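One letter stands for each residue in the lines below.
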Amino acid sequence: MSDLSLAAAAPDCADDGVWLACIECGEQLAPFDEPTYRCPDCGGLLEARYEQYPTFEEFSGRGVWRYDAALPFDHGVSLPEGDTPLHEVPRLEADVGVRSLRIKHEGMNPTGSFKDRGMTVGVRVAEELGVSRLACASTGNTSAALAAYGGRAGLETLVLLPAGKVAAGKVAQAALHGARILEVDGNFDACLDIVSELADRGEAYLLNSLNPFRLEGQKTIGFEILETFRDEYGRFPDRIVLPVGNAGNTAALYKAFRELVRAGALAEDEVPMLTGVQAAGAAPMVEAIEEGYEDTERWEDVETRATAIRIGNPVNAPKALPGIRATGGTAVAVADDAITDAQRALAEEGVGVEPASAASVAGLRKLREEGVVDDGEDVVCLTTGHLLKDPDAAAAAGAEPEPVANDTEAILDHLSG
Ligand SMILES: Cc1ncc(COP(=O)(O)O)c(C=O)c1O
Ligand SMILES: [Zn+2]
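Residues numbered from 1 in each chain as written. Chains lettered and ligands numbered in written order. Predicted model: local features only at pLDDT ≥ 70, side-chain atom pairs only at ≥ 80, totals over all residues. Heavy atoms only, no water.

Per an unreviewed UniProt entry, the recorded name for the chain is Threonine synthase, and the organism is Halococcus morrhuae DSM 1307. Quoted straight from UniProt, the Pathway (unreviewed entry) entry for the chain says "Amino-acid biosynthesis; L-threonine biosynthesis; L-threonine from L-aspartate: step 5/5." You can read under Cofactor (unreviewed entry) in the UniProt record for the chain the words "pyridoxal 5'-phosphate". (UniProt positions renumbered as here; feature names shortened; annotations may be inferred.)

Written as structure tokens, this is what we have:
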């Protein structure tokens, strides 16, 4: 059983009020002595812990580093990231039928996905540790972010991608930002197994969301949503719906809420219901929620058009499943066609997202239809990556170009035809 309580006093190994704790056995570790991704005693996931957790009043400035009081450092390699829009989508809101619906568009980060929030913190930690090579496995977006932030920091970057299963925009980003790209004949989970081994052998510093500091950056999504929503509506949202792959964001948002509750800034009954959405062809988290598992069972064969969430072994499940359960949320699987429909509906409101991102809206629709989501709810859907990340999926989902003659009269005829 995971122990996600934040109550402990700072141990001797803490560095400036920060330490790492194993969520399984409670082991406490120095945070910046050496690269550490899992508990050396039991192999459990690690979580960053702090002597003090801030209230909203302690946040100032913009972007991810606005929340430095809740982070291990007060600045990092920044492009800058965070401060993303909370879009209104009035037609979609009316169509889905909820009290309010807002879209937190993480595709508006510098490399076009939420991964930038994790990288600004993770690369800062890499500098602290003095490592020279950074690495990740990726369905695409992590590799783009790692290449950009690692490049900015002047560090070597290595990315392992599942061959033929990464959207074109993401590979292009990783290539141009200077990562060494290894295309593996296997899926994302196989890439993560290998890169974890490389990291354990000291070949590279791992910057997947298994790295607890990545999630520290990503928890700022939660702080931003709550602050913006409260400023506009005078209350917090009832529910946050998000796509789930490795379950990093689900874990990170839950950590943001736990910290705010611990600081006395958020009441237990104000914590939004965390609601995860997976593609039907890659839904081990949904299975775990439905079956009451404490961890997911690995799916060896995964397939979905939403390649960013084509993941069968979500490493952060032991942190994320308790978050979904404790907040009264749920998890739901959606068909690829429903994802594409949601991608179109968002695009019609001017919000351009990649397929995985649209899963959140597809999931919300399904849960409304099933009556799980109430019409009186205030809902925020997270969209995790930009439309241009996957230009092929966007073109396939959108209208066909119409060939016309190079002639105004012919075009007028065509338009009236
Ligand atoms: C666009 C997009 N959405 C969602 C996810 C999944 O996020 P998480 O691993 O935090 O569940 C990813 C991760 O690769 C992604 O790139
Ligand atoms: Zn342990």
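Student: Tell me about the domain arrangement of the chain, and please be specific about residues and values.
Tutor: Where interface size is given, it is often the accessible area lost as the parts come together that is meant. As assigned here, the chain comprises domain 1 (86–112 + 215–397) and domain 2 (115–211). The distance between the C-alpha centroids of domain 1 and domain 2 comes to 23 Å. Between domain 1 and domain 2, a total of about 2,300 Å² is buried, with carbon and sulfur atoms accounting for 44% of that surface. Counting across the interface, domain 1 meets domain 2 through 5 salt bridges. Between lysine 170 and glutamate 354 there is a salt bridge, and its shortest N-O distance comes to 2.7 Å. (Domains from an automatic or database assignment. Buried area = accessible area lost by both parts, 1.4 Å probe. Salt bridge = Lys/Arg side-chain N within 4 Å of Asp/Glu carboxyl O.)

Student: Mind laying out the coordination of the zinc ion (ligand 2), listing which residues take part and the relevant values?
Tutor: Protein coordination of the zinc ion (ligand 2) is provided by Cys22 (SG), Cys25 (SG), Cys39 (SG) and Cys42 (SG), with donor distances spanning 2.2 to 2.3 Å. The coordination sphere of the zinc ion (ligand 2) comprises 4 donor atoms, whose angles at the metal cover 99 to 118°; the geometry is tetrahedral. In the primary sequence, the donor residues of the zinc ion (ligand 2) line up as C-x2-C-x13-C-x2-C. Here cysteine 22, found in strand β1 (residues 18–22), pairs with cysteine 39, found in the loop between β2 (28–29) and β3 (46–50); they are 17 residues apart in sequence, far enough to count as distant. Pair check on accessibility: cysteine 22 and cysteine 39 agree, each one buried. (Donors = N, O, S within 2.8 Å, 3.2 Å for Na, K, Ca; no water. Tetrahedral: all angles 85-135°; square planar, octahedral: opposite > 155°, others 65-115°. Helix = DSSP H or I, 4+ residues; strand = E, 2+ residues; numbered from the N terminus. Buried < 20%, exposed > 50% of the residue type's maximum accessible area, 1.4 Å probe, protein only.)

Student: Which residues make up the nonpolar core, and what values go with them?
Tutor: Core analysis: the largest hydrophobic core is formed by 99 residues, its most contacted members being Leu134, Tyr205, Phe213, Phe257 and Met285. Broken down by element, the residue count for this core peaks at 7 residues, all from helix α8 (residues 248–263). Taken domain by domain, the makeup of this core includes at least three residues from each of domain 1 (86–112 + 215–397) and domain 2 (115–211). In this structure, phenylalanine 257 is in contact with Gly222, Leu226, Ile240, Leu266, Val271, Pro272 and Leu274, ignoring residues within four places of it in sequence. One finds Ile103, Ala308, Ala359 and Val361 within the second-largest nonpolar core, a separate group that totals 30 residues. (Core = buried A, V, L, I, M, F, W, Y, C linked by side-chain atoms within 4.5 Å. Contact = heavy atoms within 4.5 Å.)

Student: With reference to specific residues and values, describe the UniProt feature "binding site: pyridoxal 5'-phosphate" (unreviewed entry) in the chain.
Tutor: UniProt records the feature "binding site: pyridoxal 5'-phosphate" (unreviewed entry) for Asn141, Gly245, Asn246, Ala247, Gly248, Asn249 and Thr384 in the present numbering. Despite a sequence span of 244 residues, these residues sit close together in the fold, their greatest C-alpha distance being 14.5 Å. Considering the arrangement of structural elements, one finds asparagine 141 in helix α3 (residues 141–153). With respect to the element layout, glycine 248 can be found in helix α8. A relative accessible area of 7% places glycine 248 in the buried class.

Student: Can you explain the site of ligand 1? Please cite residues and give values.
Tutor: Every one of the 16 residues lining ligand 1 counts as a neighbour, but Lys115, Asn141, Gly245, Asn246 and Thr384 are closest to it. Here an oxygen atom of ligand 1 and a side-chain polar atom of lysine 115 are 2.8 Å apart. Alanine 247 places a main-chain nitrogen or oxygen 2.8 Å from an oxygen atom of ligand 1. The fraction of the free accessible surface of ligand 1 (390 Å²) that becomes covered by protein chains is 98%. Of the residues that constitute the shell around ligand 1, the class distribution is 6 nonpolar, 8 polar and 2 charged. (Near = heavy atom within 4 Å. Polar contact = N/O pair within 3.5 Å; in protein donor to acceptor, adjacent residues only side chain to side chain. Areas by Shrake-Rupley, 256 points an atom, 1.4 Å probe, with all protein chains shown as cover. Nonpolar A, V, L, I, M, F, W, Y, C, P; charged D, E, K, R; others polar.)

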